[in-house]
Amino acid sequence: MTHEIILSVRNVRHQYGERVVLDVPRLDVRKGELLALVGPSGAGKSTLLRLLNFLEKPTQGDILFHQTPYTPENLPLHLRRRITTVFQKPMLLDMSVRRNVAYGLRVRGERDGRAREDAALRSVGLQDLANAPARTLSGGEAQRVALARALIIEPEVLLLDEPTANLDPANVRIIEAIIARANRERAMTVVLVTHNVWQARRLAQRVAFLYEGQLLEIADTRTFFEHPSHPKTAAFLHGDLVY
Amino acid sequence: MDIILDGVKQAIGLLIHLDPALLEIVALSLVVSGAALLISMLVGIPLGVWLGLRRFLGRRLVVTTVYTGMGLPPVVVGLAVYLFLSRQGPLGELGWLFTPKAIVLAQTILALPLVVGITMTAIAAIPRELVLQLRSLGATQGQINRTLLYEARAGVLAAIVAGFGAIISEVGAVMMVGGNIEHKTRVLTTAIVLETRKGDFALAIALGLILLALTFTANWLMLSLQRRLDSR
Ligand SMILES: Nc1ncnc2c1ncn2[C@@H]1O[C@H](COP(=O)(O)OP(=O)(O)OP(=O)(O)O)[C@@H](O)[C@H]1O
Ligand SMILES: [Mg+2]
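Residues numbered from 1 in each chain as written. Chains lettered and ligands numbered in written order. Predicted model: local features only at pLDDT ≥ 70, side-chain atom pairs only at ≥ 80, totals over all residues. Heavy atoms only, no water.

A.B. asks: Lay out the site of ligand 1 with the relevant residues and their values.
C.D. replies: All names here are of chain A. The environment of ligand 1 is made up of 14 residues, and the closest members are Arg19, Ser41, Lys45, Ser46 and Thr47. Thr47 places a polar side-chain atom, nitrogen or oxygen, 2.6 Å from an oxygen atom of ligand 1. Residue assignment for the shell around ligand 1 shows that the elements contributing at least two residues are β2 (19-30) and α1 (45-52). Its residues placed into classes, the shell around ligand 1 shows 4 nonpolar, 7 polar and 3 charged. (Near = heavy atom within 4 Å. Polar contact = N/O pair within 3.5 Å; in protein donor to acceptor, adjacent residues only side chain to side chain. Helix = DSSP H or I, 4+ residues; strand = E, 2+ residues; numbered from the N terminus. Nonpolar A, V, L, I, M, F, W, Y, C, P; charged D, E, K, R; others polar.)

A.B. asks: Which residues make up the coordination of the magnesium ion (ligand 2), and what values do they have?
C.D. replies: On the protein side, the magnesium ion (ligand 2) has A:Ser46 (OG) and A:Gln88 (OE1) as donor atoms, found 2.0 to 2.3 Å from it. Highlighted residues: A:Ser46 in helix α1 and A:Gln88 in the loop between β6 (83-86) and α3 (97-107), separated in sequence by 42 residues. (Donors = N, O, S within 2.8 Å, 3.2 Å for Na, K, Ca; no water.)

A.B. asks: I'd like to hear about the packing of aromatic side chains, residue by residue, with values.
C.D. replies: All told, the structure shown has 7 aromatic pairs over all chains when counted by the stated rule. Taking 4.9 Å as the distance between ring centres and 35° as the angle between the ring planes, the aromatic pair formed by A:Phe209 and A:Phe236 counts as tilted. Taken together, the residues A:Phe209 in strand β9 (residues 206-211) and A:Phe236 in helix α9 (residues 231-237) connect sequence positions 27 residues apart. Note on A:Phe209: relative accessible area 0%, which makes it buried. Residue class for A:Phe236 comes out buried when judged on its relative accessible area of 4%. Between A:Phe224 and A:Phe225, the ring centres sit 5.4 Å apart and the planes meet at 70°, which makes this aromatic pair edge-to-face. Classification of A:Phe224 as buried rests on a relative accessible area of 0%. Relative accessible area serves as the criterion here: at 13%, A:Phe225 is assigned to the buried category. An aromatic cluster is present here, built from A:Phe209, A:Tyr211 and A:Phe236 joined pairwise through their rings. Residue placement shows B:Arg153 over the ring face of B:Tyr150; its charged tip is 4.1 Å from the ring centre. (Phe/Tyr/Trp six-rings, centres within 6.5 Å; stacked < 30°, edge-to-face > 60°. Buried < 20%, exposed > 50% of the residue type's maximum accessible area, 1.4 Å probe, protein only. Lys NZ or Arg CZ within 6 Å of the ring centre and 35° of its normal.)

A.B. asks: Describe the pattern of salt bridges, naming the residues involved and giving the relevant values.
C.D. replies: The full count for this structure, using the stated rule, is 20 salt bridges over all chains. The closest approach of N and O atoms between A:Arg26 and A:Asp28, which form a salt bridge, is 3.2 Å. Given the relative accessible area of 15%, A:Asp28 is considered buried. Among the salt bridges present, the one from A:Glu33 reaches A:Arg206, with a minimum N-O distance of 2.8 Å. On the criterion of sequence distance, the pair formed by A:Glu33 in the loop between β2 and β3 (34-38) and A:Arg206 in strand β9 is long-range, its members being 173 residues apart. Look at A:Glu33 and you get buried, because its relative accessible area is 4%. In this structure, a network of salt bridges that share partners links the residues A:Asp94, A:Arg135, B:Arg153 and B:Asp230. (Salt bridge = Lys/Arg side-chain N within 4 Å of Asp/Glu carboxyl O.)

A.B. asks: I'd like a description of helix α11 (residues 201-230) of chain B, backed by residues and values.
C.D. replies: Along an α-helix, a turn takes 3.6 residues, which lines up residues three or four apart on a common side. All names here are of chain B. Along its 30 residues, α11 runs 43 Å from first to last C-alpha, staying within 8% of the 44 Å computed at 1.5 Å per residue. Every buried residue of α11 is listed here: Ala202, Leu203, Ala204, Ala206, Leu207, Ile210, Leu211 and Leu214. Where α11 is buried, its residues meet α1 (2-16), α2 (20-53), α8 (153-168) and α10 (188-198). (Expected span 1.5 Å × (residues − 1). Contact = heavy atoms within 4.5 Å.)

A.B. asks: An account of the side chain of A:Arg50 is requested, with residue identities and associated values reported.
C.D. replies: With respect to the helices and strands, the residue A:Arg50 is situated in helix α1. Exposure remark for A:Arg50: the relative accessible area of 15% places this residue in the buried category. Here the side chain of A:Arg50 touches A:Glu56 through a polar contact of 2.6 Å, side chain to side chain. Beyond its immediate sequence surroundings of up to four residues, A:Arg50 is in contact with A:Tyr16, A:Leu55, A:Glu56 and B:Leu132.

A.B. asks: Any details on the pairing of β2(A)? Residues and values, ideally.
C.D. replies: The two faces of a sheet get side chains in turn, since along a regular strand they alternate between them. Residue and element names in this part refer to chain A. Direction of pairing for strand β1 (residues 5-16) relative to β2: antiparallel, over a ladder of 10 bridges. Residue pairing in the sheet places Gln15 in a bridge with Val20 of β2. As consecutive antiparallel partners, β1 and β2 are separated by 2 residues, and within that stretch Gly17 has a phi angle of approximately 65°, a positive value. (Pairing = 2+ DSSP bridges.)

A.B. asks: Report on the environment of B:Ile167, specifying residues and quantitative values.
C.D. replies: Residue and element names in this part refer to chain B. Its place among the elements puts Ile167 in helix α8. Between the C-alpha atom of Ile167 and that of Pro73, which follows or precedes it by 94 residues, the distance is 12 Å. Sequence-distant contacts of Ile167, that is, excluding residues within four places in its chain, are made with Ser33, Ala36, Leu37, Gln107, Leu110 and Ala111.

A.B. asks: Explain the interface of chain A and chain B to me, and be specific about the residues and the numbers.
C.D. replies: On the side of chain B, 19 residues touch chain A, which itself brings 28 residues to the contact. Counting each side, the surface lost to burial between chain A and chain B is near 2200 Å², with a carbon and sulfur contribution of 50%. Taken together, chain A and chain B are joined by 3 salt bridges. One salt bridge in this structure joins B:Glu129 and A:Lys89, with 3.8 Å as the shortest N-O distance. For the pair chain A and chain B, the interface holds 14 residue pairs in polar contact (both at pLDDT 80 or more). Considering each element in turn, the side of chain A that touches chain B owes the most residues, 4 residues, to α3(A). (Buried area = accessible area lost by both parts, 1.4 Å probe.)

Nothing here speaks to function; it is geometry throughout.
Okay, here's the thing in structure tokens:
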């Protein structure tokens, strides 16, 4: 079976100062898939998402979007607007919840987004907080606003950095359902960073394991969990790798 | 004690009757300081945003210079502007000395570093991740800058208030480069100095009250603006 590749990493080495935090010779993200990215704290997961979103330029190597290498400087705006990230920290603006959710529409010059804002707020269960100042929200509420703010744009690629880290189990289920629906019904390509291997198992079609900046394993979800090929993967799955 | 009470009484009289001499001075003060503030904002806010966001070689030198500019002694600025604008000076041909333009120039030099410095500090305090988040949501650099200005609005308004406060109440430089010429370059502060020397306390007190009222009103307007922005 051949798959259309939407984003690829080629021979990327990324350094902060002298430290190499990412060394990934090759990684392909398939169009329409939900790829989970797991690995211990400090493995480089958030860094990889920043590179995939063209927010940072890798020290060496290329990131390809639809087979073409781009950098943050030369990626055309209309292509840049097809990828978005929900950061690990919600990073809300000091304005109302509704205006936060509407941000991506407003910068695209889309007027009458009201119906879409309402729908986005309803999907994350925050319609009653539409006019609340975002700074008054709880951690979990803020995280849901951040997700709604990304979904409303209907990106081609959605990069999620621990989107359920601050949520209670009921909300985790709601958010997982939203992510799964966006992936399945709207054919959105999703890269989901998570510490929670169970979440990866529930949602992803493929799972990648990042360890100390290296991609040690990438496989179908089932294979990844049942027959991990790398001993470090097995150790991670057993909870033997300390974060 | 009488001298003060009488002075205040007469001052109120002048204010109530909208004394033309008084109005002229107030109008010139507002126009001159308003122009200087406007120039400082138009140049200083974009510059402050840029300095707050960019990391470049020599940035520390620029920042130190800006901070030094925030504490420039007005008489030194007055002296420098005087020398530049004097007939033999490099800008002597402009013929600006002892005109309102000279005052605007001196006041701009005093207000600009305050506007740049405080705006820069407010913008630099915004987490870098927020800039990435906005970019990731599809904002152009211009849109990002505007959003950051909004996020840093309390600091930016403080920058404007500080700039206005510094120049509306300034006397040394204005006296030196404006010359306190009646009907031409006489502003609130220089008029207060003159009237006090002449012993015309009524006019001096009236001018002083207006100066306080102006500063108060300016700050009030800024705070109201901030509250309106906050409730969006
Ligand atoms: N801007 C930066 N400057 C210097 N070092 C950085 C920077 N960003 C990340 N790092 C370092 O790079 C490494 C990888 O960080 P990253 O945030 O990608 O890890 P992560 O896998 O997302 O971890 P976590 O699960 O804790 O979020 C870490 O050691 C971190 O300290
Ligand atoms: Mg991370």
